[in-house]
Structure formats: C-alpha cells, structure tokens
Amino acid sequence: MQVLSVTPEIFPLIKTGGLADVTGALPQALAGLGVGMRSLVPGYPVVMSALKKKAVHQYTALHGGKATLHTAEVAGLDLLVLDAPHLFDRPGGPYGDATGADWQDNWRRFAALGRVGADIAAGAVKDYKPDIVHAHDWQSAMTLAYMRYGEAAQVPSVMTVHNLAFQGQFGVNIFAGLGLPQQAMALDGVEYYGGVGFLKAGLQAAWAITTVSPTYAQEIRTPAFGMGLDGLINLRSPDLSGIVNGIDDDIWNPETDKHLAATYTAKSLKGRKANKRAIEERMTLDRDDGPIYCVVSRLTWQKGIDILASIIDPVIASGARLAILGSGDAGLEGALLAAAARHRGRVGVVIGYDEGLSHQLQGGADGILIPSRFEPCGLTQLYGLRYGCVPIVARTGGLADTVIDANEAAVTAGVATGFQFAPENAGDFHHAILRANALHADPAAWAAIQKQGMKSDVSWDRSAQKYAALYRKLLSKRDA
Ligand code: ADP
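All residue numbers here refer to positions counted from 1 along the written sequence of the relevant chain. Local features in this predicted model are restricted to residues of pLDDT 70 or higher, and side-chain atom pairs are both shown and tallied only at a pLDDT of 80 or more, whereas totals for entire chains, interfaces and linings draw on every residue. Only hydrogens and water are set aside when side-chain values are computed; all heavy atoms of the structure are taken into account.

Caption draft 1: Representation of the environment of W460 within the structure. Structurally, the position occupied by W460 is in helix α20 (residues 460–479). Remark: exposure states derive from per-residue accessible area (1.4 Å probe, protein chains only) relative to the maximum for the residue type, with buried under 20%, exposed over 50%, and partly exposed in between. With a relative accessible area of 8%, W460 lands in the buried category. Expressed as a C-alpha distance, the spacing of W460 and D249, which sit 211 residues apart in the sequence, is 8.6 Å. Whether two residues touch is decided by their heavy atoms; if any such pair falls within 4.5 Å, the residues are in contact. If near-sequence neighbours (up to four positions away) are discounted, W460 is found in contact with D21, V22, A25, L26, A29, N245, G246, I247 and Y467. Contacts described as polar in this section are N or O atom pairs within 3.5 Å, which, within protein, must combine one atom able to donate a hydrogen with one able to accept it, while residues neighboring in sequence count only if both atoms come from side chains. Within the structure, the side chain of W460 is placed 3.5 Å from the backbone oxygen of G246, a separation counted as a polar contact. Note on conventions: DSSP H or I runs of at least 4 residues are helices, E runs of at least 2 residues are strands, and numbering of each starts at the N terminus.

Caption draft 2: Looking closely at the site of the ligand. What surrounds the ligand is a group of 16 residues, the closest being R298, K303, G352, D354 and L379. Between the ligand and the protein, one listed contact pairs an oxygen atom with a backbone N or O atom of L379 at 2.9 Å. Here the ligand, which alone exposes 560 Å², has 86% of that area covered by the protein. With three residues, strand β13 (residues 292–299) is the largest single contributor of residues to the shell around the ligand. Here the residues of the shell around the ligand sort into five nonpolar, six polar and five charged. One heavy atom suffices: a residue is near a molecule or strand as soon as one of its heavy atoms comes within 4 Å of it. Areas reported as accessible are Shrake-Rupley estimates using a 1.4 Å probe. Residue values count occlusion only from the protein chains shown. Charged means Asp, Glu, Lys or Arg here, nonpolar means Ala, Val, Leu, Ile, Met, Phe, Trp, Tyr, Cys or Pro, and polar covers whatever is left, Gly included.

Caption draft 3: Local environment of the sheet that holds strand β8 (residues 169–170). When DSSP finds at least two bridges between two strands, those strands are taken to pair. Within the open sheet, the three strands sit side by side as β8-β10-β9. Their pairing is antiparallel. Every other strand in the sheet has two partners, leaving β8 and β9 (191–192) as the edge strands with one partner each. One ladder, built from two bridges, connects β8 with strand β10 (residues 195–197); its direction is antiparallel. Looking at the pairing, Q169 lines up with G197 of β10. Throughout, an axis means a line fitted to C-alpha atoms (over the contacting stretch in the case of helices), and angles, computed between N-to-C directions, take values from 0 to 180 degrees. Its contacts with the sheet put helix α7 (residues 198–205) on β8, β9 and β10, and the angle it makes with β10 is roughly 60°.

Caption draft 4: Quick look at the sheet that holds strand β6 (residues 132–136). What the nine strands build is an open sheet, ordered β3-β4-β5-β2-β1-β6-β7-β11-β12; its pairing is mixed. Strands at the two margins of the open sheet, each flanked by one partner only, are β3 (53–59) and β12 (240–242). Taking each pair of neighbouring strands and ignoring which way they run, the sheet shows an average axis angle of 25°. Note that strand β7 (residues 157–161) and strand β11 (residues 208–211) share four bridges and pair parallel. Opposite V161, over in β11, you have T211 as the bridge partner. Strands in contact with helix α1 (residues 18–31) are β2 (36–42), β5 (77–83) and β6; relative to β2, the strand with the most contacts, it is inclined by about 150°. Sheet contacts for helix α5 (residues 137–148): β1 (2–6), β6 and β7; angle to β6, the most-contacted strand, approximately 145°.

Caption draft 5: Layout of the side chain of T23. Positionally, T23 belongs in helix α1. You can call T23 buried: its relative accessible area is 1%. A polar contact is formed between the side chain of T23 and the backbone oxygen of E9, at a distance of 2.7 Å. Look past the residues within four positions of T23 in its chain and what remains in contact with it is T7, E9, I10 and H136.

Caption draft 6: Structural view of the pattern of salt bridges. For this document, the term salt bridge refers to a Lys or Arg side-chain nitrogen within 4 Å of an Asp or Glu carboxyl oxygen. Enumeration according to the criterion identifies 23 salt bridges in this entry. In this structure, D105 engages R90 in a salt bridge whose closest nitrogen and oxygen atoms are separated by 2.7 Å. Within this pair, whereas D105 is found in the loop between α3 (85–88) and α4 (106–121), its partner R90 is found in the loop between α3 and α4, the two being separated by 15 residues in sequence. R90 carries the same exposure label as D105, and that label is buried. For D288, the salt bridge is made with R321, and the minimal N-O distance between the two is 2.8 Å. Residue D288 is located in the loop between α11 (272–282) and β13, and its partner R321 is located in strand β14 (residues 321–328); the two are separated by 33 residues in the primary sequence. Ionic contacts of the salt-bridge type, sharing partners, join the residues K273, R277, E280, D286, D288, D289, R321 and R346 into one network.

Caption draft 7: Quick look at the packing of aromatic side chains. Pairing of aromatic rings covers Phe, Tyr and Trp, the last counted by its six-membered ring, and requires centre-to-centre distances within 6.5 Å; plane angles under 30 degrees mean stacked, over 60 mean edge-to-face, and any other angle means tilted. Scanning the model with the defined rule gives 12 aromatic pairs in all. Between Y95 and F110, the aromatic rings sit 5.8 Å apart at their centres with planes inclined by 55°, giving tilted as the arrangement. Here Y95, found in the loop between α3 and α4, pairs with F110, found in helix α4; they are 15 residues apart in sequence, far enough to count as distant. For F110, a relative accessible area of 0% puts it in the buried group. The structure contains a cluster of three or more aromatic residues connected by ring pairs, namely Y44, F88, Y95, F110, W138, F170 and F198.

Here it is in structure tokens:
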C-alpha cells in the first residue's frame, strides 16, 4: 500500500510543533506494517539545502511562477519536494517572516501545495500512484478539495487535525485565485462564514478525519472546543476518530539520555536522585527530599499557566517545590518570575526554550504539571510517563487518554500512572497536587506509580498500527 502524506512540516527538516514529529515518525513506523509513505513537503530553503534531489515533474505556471517537483531521500524519509521559489524560497519561518508576521500570500503558498498533492494523487509523477492521500492541518487541507473537484475524487483520503485552533481562513476574494470550479464556493465546499476556509474544505472533502487523541475527537464536536467547526465535525462524526501520538523512544530514553546527570531504568529509580540534585543546583532550589514538580511548556492560556500561577502560594505552603521551564505570554512569564521572587529556594523559573533542561526536568523532577484548557494530544505527559516523572494533568484531550488517575481503585489494582483533575478548576488542580504529595510521602507507593507509568506503551508502533488499520478500511470502502 502506498500513502502520500502532504505536510507543511516534517522532522528533522522543518519543525515548529508536534505536527512535524508525527509526519517525521509515521513513515518509519508504518514501514514495518507494509505501508509505504512518501511525504510531499514545500521546498523551504532549509529543505532545499538538505537535499540530493531529482526532478520528476515540472510546472511552467503554478500559482504565479515556475515550479519543479523533486524526489529526495533524507534521514530515511522518502520525500517529494515542491521547489517553487516564488512561494517558498524566503527567509524566516515556514509561515511568516522573522518577526513572526504571517506571509500575506499564505493562501497561495498552501493552495499550491494542495494543488500539487492532488496532481500527484491523479498520477502526475511517473510510476507513482498513491492508494491513499493523508493531509495534515490546514496548510495541506486544500489537497483534498482539489482532489474532490478534480481527477482524484476516487482516491481515499484522510485529514488529520493536530490543533483545531489553526484553520487557515481567508477572504472570499481569494476564491478566484484557487482555480476551483464555481460550485466549490458552497456550504458543502470551501465556503466558510462568507470566506474561504482551508481546514474546513479539507474536513468536508476527506473520506476520513482523524485527530490526535480519542477524547479530543469527541471534544471538538462540542461548541466549547469546536472553534466554530463543531457543526461540520458532528455531521462528519461517523468518519471521525482519534489516534494518540507516539514519542521518539531513542531520543527520550532515560537509560541512554545524555542530557541527564545520571541515567536510570525502572529497576534503578534511585539514579533519579542525582538528577533531582542537578535540578536543585540549576534552578537554585533548596535541597530537600520533598517533591519537586516541573513544568515544561509554552506559557499560554491554552496551557492553563494562569491557573497554575493562581495556586502557587498554597502549593508552596504544602511543602512542594516548583521547577518551571517555558516561554510565551509576557504577562504569564512575569507572574511566574514574581512567584519565584516571592518564594526563593522553593520556585525556580527559567524563561526560554532549552531542550537539554527539558530532559533534565523529566529525569529528576518527581512530577510534571500540565493544567491545559485543551490539549489535542500533548507530548510532555508521555515523556513524563517514560521517565518516571509522574504526570499531574487536566482531564482533557490526549491528557485524559494517556494518564490513569491514582484514585483508590486504580492504586489498589496497581494500574495508576498519574493524577487527573477537572480542567480549568484551580481548586481541583490544587487538590490533585495535595494527593500527589500524600502519595509521594510513601516511597513504595510512589515508586509503584512511577514504574507503572514507565511500563505504558507510548511508542509509535501502536499508533502506526491504528493508522494502517484506518488506511485498510478506506481501501475496502473504495473497493466496495
Ligand atoms: P504543544 O505542541 O501544544 O506546545 P506538546 O506537549 O504537544 O505541546 O509539545 C510540546 C513540546 O515542546 C514538547 O516536546 C516539550 O518538551 C517541548 N517544549 C515546550 N516548551 C519547551 C521549553 N521551554 N524548552 C524546551 N522544550 C520545550
């Protein structure tokens, strides 16, 4: 089976978020399951400079300029790269300039990506005809609209939503430039609240829709999480499912992790103590044996960091210490720094992005706090599970699906892996931390929950099997 993945990001070439981890890891995870995955990506400068390429298709005019489609292999990835200098050869990030401002012609750039994806689905590349097309997020979603109104309507397709907050909405004036038939400008086409919605168009056209956890798949059917698309998502709910992301267990392996002061396994958890001492040193925290809870996060409203800030005083009064790494909203950064100033030796805050420190925190802190308001999947709780850094999470999205709350029944049955609390509820969050404190005071009980978490299967294998099963289901639907 051959699947064409269309994506604006792919690890290790170009990454701004978890989407790149998924599109970078899936091809390898699927390879062992009889699924070949090729990935179509834009030819940004960082991508073009990494390639040994071979041209396989030319466009004399693709949305305002010449373009070439190349095949290339990088880091084990089988790529199709869209080299369209007028669209992608520019400095800055994949979606905007160095100041973070979006490129004004993003609609054109990602319409072009979609057009090319649909052309490939229809056979534009010699000796290559994908059985399935899999598009990721709004930047790839137009692939499915071009397929639907073009020659590849019979090719099954999957639309994966990594975060519904990003939808690619544009004014009605761009419609003429898309080159779609007039009939597409309709409620069941690309039209969205009087404009053009790229993600909306993909959700409408896809044979199947997935998101990155089963709970988020249910949540986005409600007005509170649906970001205006809940009506459409409800209509499509028979074709909607959630598949949790895996993690890269070579990079995130406490047995071999070079960022750690001491490596360890589930059998040698005492090794974590040296890592805890290293955190105390690095974050200027008092040295004691009480719990340290860490945070590794974008500091934003979505992540519920304001809720955390509101309970820091009672949490510190309970005897816990906090080690916080993140960056984001200036107001939230300020609130955390003020808490660190108020509680010297008890609250450590590092503002910035620090990959090494993020590993050290997972390897040495007792728990990780994740009070998100919504969380399509979440990765830091998965790292926490793998590292014996017990996750304390809001019961939402992927957090709800991957952490088993240490309620009495779960503790007795030996299946608990962390703590859950009601989202957006500061009182319940505080209570969850008090529950964690109490369990931490019993070293055997705490070690049991750590070990149970470390046994959780957070690998890509399980998720890849679910994607492969979905692809097979779509092929039988096509052939029915
Ligand atoms: P999101 O993609 O919504 O930010 P995820 O939990 O899915 O949230 O992924 C966040 C990723 O970014 C994780 O790999 C986490 O370790 C990493 N990360 C977040 N903030 C920082 C930071 N300040 N320093 C280092 N890594 C960070």
